[in-house]
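# Reading the structure
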Amino acid sequence: MLTAIADAIIIALAATSMFSLIYAQTDAHFNPLKSVSAGISLFLLIAFCSGVYQSWRDIRLTEIMGRYTATGAISACIIMLYLVLSKTAEDYSRIWLTSTMLVTYGLGVGFRFIYYMIIRKLRAKGYNIDDVLLISHKNHPPPTNLAESLEHSGYHIARQYIIDDDIDDLTSELALAIDQSHAKEVWIYLPLAESSRINTILDALHLQTANIRYVPDLFSYNLLNQSTSQIGGIPVVNLSMTPMSGVNLTIKAVEDRLLSALILIVLSPILIVLAIGVKISSPGPILYKQERISFDLRPIQMLKFRSMPVNTEENGVSWGGSDEKVSSAFGRFIRKTSLDELPQFINVLRGDMSIVGPRPERTIFVERLKQQVPDYMKKHKVKAGITGWAQINGLRGDTDLNARIEHDLYYIQNWSLWLDLKIILLTPIKGLINKNAY
């Protein structure tokens, strides 16, 4: 509730301050009071529906920011659409609307970040903490970092109750354990193979008012974006999922299209110079098309500035050694500096690729590597990218594939808009010129 009140105040403050600043010396031809009230109501309605104001205890900061960003974007689109359809767009200052939205977003993000840090500091000192009674099996202890992970979310394991194979009568023992620990929550941590014991434990807890949660032991499996959800009212445990669905898919698509268009416009003089350089340095087309595998195993025609002779692969495709295939000094230059990759922003505009994501491989190599490299196919749960987490960490060219996949899966597991922006900003520093580039 505090966050909703803060958002309403932020919107009102941003709108009125921008109005006063822009129209300090002139008379405005509109009254913003009614518009601001409608904007606040619209934003709060969408925010409540999209879970922006649910408890922060069970979600990460990146998810908090992601939901807030999506709500702001949806609200802005609805406002703009209404102004166009109602033919009232000319009644409002575009500068005022744009500045109000940008200031509102900046203040909202800043408030959430500061508030989140304050909550974490308070929890580190023992405030805003819920005590948990953790029930586990003697043969399946919880991971050592479980307690630390829970405390970041506002939970403290006050006591751990360990059961064995003989659990016929737990009622009195569990009741005593809850009383002694003062626990508000009871968490049952059991592997999936031991799930038949849950009914026995629930029967023993039937007189208790504490919240009861089941925490299946999924840590022993190599999973990707594991989570829980409901489909048709049926609870579902998601074991290996793509993060690119729902709102995330929209955010990623908007990010890719906007940034790619901007980058292509800004770099257009450089693109023209590179195109001329390719044409002069060796005979053949300026752009080189190569089939690669992207999201959901879909083949794409990835674009590059051609750096090799046109007949390089007439005797077949070989893995690695690309530097030896380049014959011209200009070709070696654009490969070493990764300038040959710039046409892939066209692929991003087409929707074939993302700016950030795992680098795509050729079809023939995917068929080979999926049998040799563990979890290799999981990289195809997102669109292939021009740059990625692996690339800014030096894993380019003929580097260890297992390490590259580990970095790709880290990116997929931890994807957020902020991680994308971090990778994009670090790419010119760490990703373009690299000893492993080819």
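Before reading on, note that the structure itself is shown above.
In what follows, the accompanying structure is described. (Residues numbered from 1 in each chain as written. Predicted model: local features only at pLDDT ≥ 70, side-chain atom pairs only at ≥ 80, totals over all residues. Heavy atoms only, no water.)

Helix and strand counts for the chain come out as 16 helices and 11 strands. Considering the chain as a whole, with its 438 residues, one finds that 44% of them fall into the buried category. When contacts within the chain are restricted to residue pairs at least 6 apart in sequence, long-range pairs at least 24 apart make up 74% of them. Counting every atom, the chain has about 23800 Å² of accessible surface; 61% of that belongs to carbon and sulfur. (Helix = DSSP H or I, 4+ residues; strand = E, 2+ residues; numbered from the N terminus. Buried < 20%, exposed > 50% of the residue type's maximum accessible area, 1.4 Å probe, protein only. Contact = heavy atoms within 4.5 Å. Areas by Shrake-Rupley, 256 points an atom, 1.4 Å probe, with all protein chains shown as cover.)

Within the structure shown, the criterion is met by 2 cavities of 30 Å³ or more. The calculated volume of the largest cavity comes to roughly 70 Å³. Around the largest cavity, the lining residues are R359, E361, Y376, K379, A390, Q391, L401, R404, I405 and D408. Broken down by secondary-structure element, the contributors of at least two residues to the lining of the largest cavity are helix 14 (389–392) and helix 15 (401–413). Of the residues forming the lining of the largest cavity, the biggest block, 4 residues, is contributed by helix 15. For the lining of the largest cavity, a count of residues per class yields 4 nonpolar, 1 polar and 5 charged. The volume enclosed by the second largest cavity comes to roughly 30 Å³. What lines the second largest cavity is I293, S294, P358, R359, P360, K379, H380, V382 and A384. (1 Å grid on protein atoms, 1.4 Å probe; cavity = no way out; pocket = protein on both sides within 12 Å on 5 of 7 lines; lining within 4 Å. Points joined across faces, edges and corners; volume = space filled by probe spheres on them. Nonpolar A, V, L, I, M, F, W, Y, C, P; charged D, E, K, R; others polar.)

Attention now moves to the nonpolar core. Formed by 39 residues in total, the largest nonpolar core has its most connected members in F305, Y411 and I423. Per element, the largest residue contribution to this core is 5 residues, and it comes from helix 15. Membership of the second largest hydrophobic core comes to 25 residues, among which are M18, V36, Y68 and I119. (Core = buried A, V, L, I, M, F, W, Y, C linked by side-chain atoms within 4.5 Å.)

Turning our eyes to something else, we now look at the sheet that holds strand 8 (residues 299–305). Strand order across the open sheet formed by 3 strands is 8-7-10, with antiparallel pairing between neighbours. Because the sheet does not close on itself, it has two edges, and the strands there are strand 8 and strand 10 (361–362). Strand direction decides the pairing type here: strand 7 (residues 287–293) and strand 10, joined by 2 bridges, are antiparallel. Bridge pairing in strand 10 places R292 opposite R362. (Pairing = 2+ DSSP bridges.)

A separate point is the sheet that holds strand 1 (residues 130–137). Ordered by their spatial adjacency, 4 strands build an open sheet running 2-1-3-4, and the pairing between neighbours is parallel. Each end of this open sheet is capped by a strand with a single partner; those strands are strand 2 (155–163) and strand 4 (211–216). On average, each strand axis in the sheet is inclined to that of its neighbour by 25°, with strand direction left out of account. In this structure, strand 1 lies alongside strand 2, joined through 8 bridges in parallel fashion. Note on strand 2: the bridge partner recorded for I135 is Y161. The strands touched by helix 6 (residues 171–181) within the sheet are strand 1, strand 2 and strand 3 (185–190), with strand 2 carrying the most contacts at an inclination of about 155°. (Axes fitted to C-alpha atoms, helices over the stretch in contact; angles between N-to-C directions.)

We now examine the pattern of salt bridges. Here the structure, examined in full by the defined rule, presents 10 salt bridges. The partner of R112 in a salt bridge is D7, and the shortest N-O contact between them spans 2.7 Å. Placement of R112 in helix 4 (residues 94–124) and of D7 in helix 1 (residues 2–22) is noted, with a sequence separation of 105 residues between them. A salt bridge links D130 to K184; its shortest N-O distance comes to 3.9 Å. One end of the pair, D130, is in strand 1; the other, K184, is in the loop between helix 6 and strand 3, with 54 residues separating them in the sequence. With relative accessibility at 54%, the residue K184 sits in the exposed group. If you follow the salt bridges from partner to partner, you end up with K304, E341 and R359 in one network. (Salt bridge = Lys/Arg side-chain N within 4 Å of Asp/Glu carboxyl O.)

So, about helix 13 (residues 363–372). Buried residues of helix 13: F365, V366 and L369, and no others. The arc that holds every buried residue of helix 13, seen down its axis, measures 100°, which confines them to one face. Elements in contact with the buried residues of helix 13: strand 7, strand 10 and helix 15. (Arc of directions from axis to C-beta.)

Turning our attention to the layout of surface pockets. The computed volume of the second largest pocket comes to approximately 1400 Å³. Elements supplying a minimum of two residues to the lining of the second largest pocket: helix 1, helix 2 (32–49), helix 3 (61–85), helix 4, helix 8 (247–266) and helix 16 (417–431). Top contributing element to the lining of the second largest pocket by residue count: helix 3, with 13 residues. Taken together, the residues that form the lining of the second largest pocket break down as 31 nonpolar, 11 polar and 2 charged.

All told, the structure shown has 7 aromatic pairs when counted by the stated rule. Seen from their ring centres, F43 and Y68 are 5.8 Å apart, and the 70° between their planes marks the pair as edge-to-face. Here Y68 lies in helix 3 and F43 lies in helix 2, a separation of 25 residues in the sequence. A relative accessible area of 6% places F43 in the buried class. Seen from their ring centres, W389 and Y410 are 5.3 Å apart, and the 25° between their planes marks the pair as stacked. (Phe/Tyr/Trp six-rings, centres within 6.5 Å; stacked < 30°, edge-to-face > 60°.)

Turning our attention to the environment of P283. With respect to the element layout, P283 can be found in the loop between helix 9 (268–281) and strand 7. Look at P283 and you get exposed, because its relative accessible area is 71%. For the pair formed by P283 and M308, sequence separation is 25 residues and the distance between their alpha carbons is 9.9 Å. What P283 contacts, discounting residues up to four positions off in sequence, is R306 and V310.

Helix 4 packs onto helix 1 with a crossing angle of 145° between their chain directions and a minimal axis gap of 8 Å. At the point where helix 1 passes helix 4, the crossing takes the right-handed sense. In this structure, helix 1 contributes L2, T3, A6, D7, I10, I11, A14, A15, M18, F19 and I22 to the contact, and helix 4 contributes I95, W96, S99, T100, V103, T104, L107, G108, F111, R112 and Y115. (Left-handed = near helix turned anticlockwise from the far one by under 90°.)

From the geometry alone we can't say anything about function, so treat these as descriptive.
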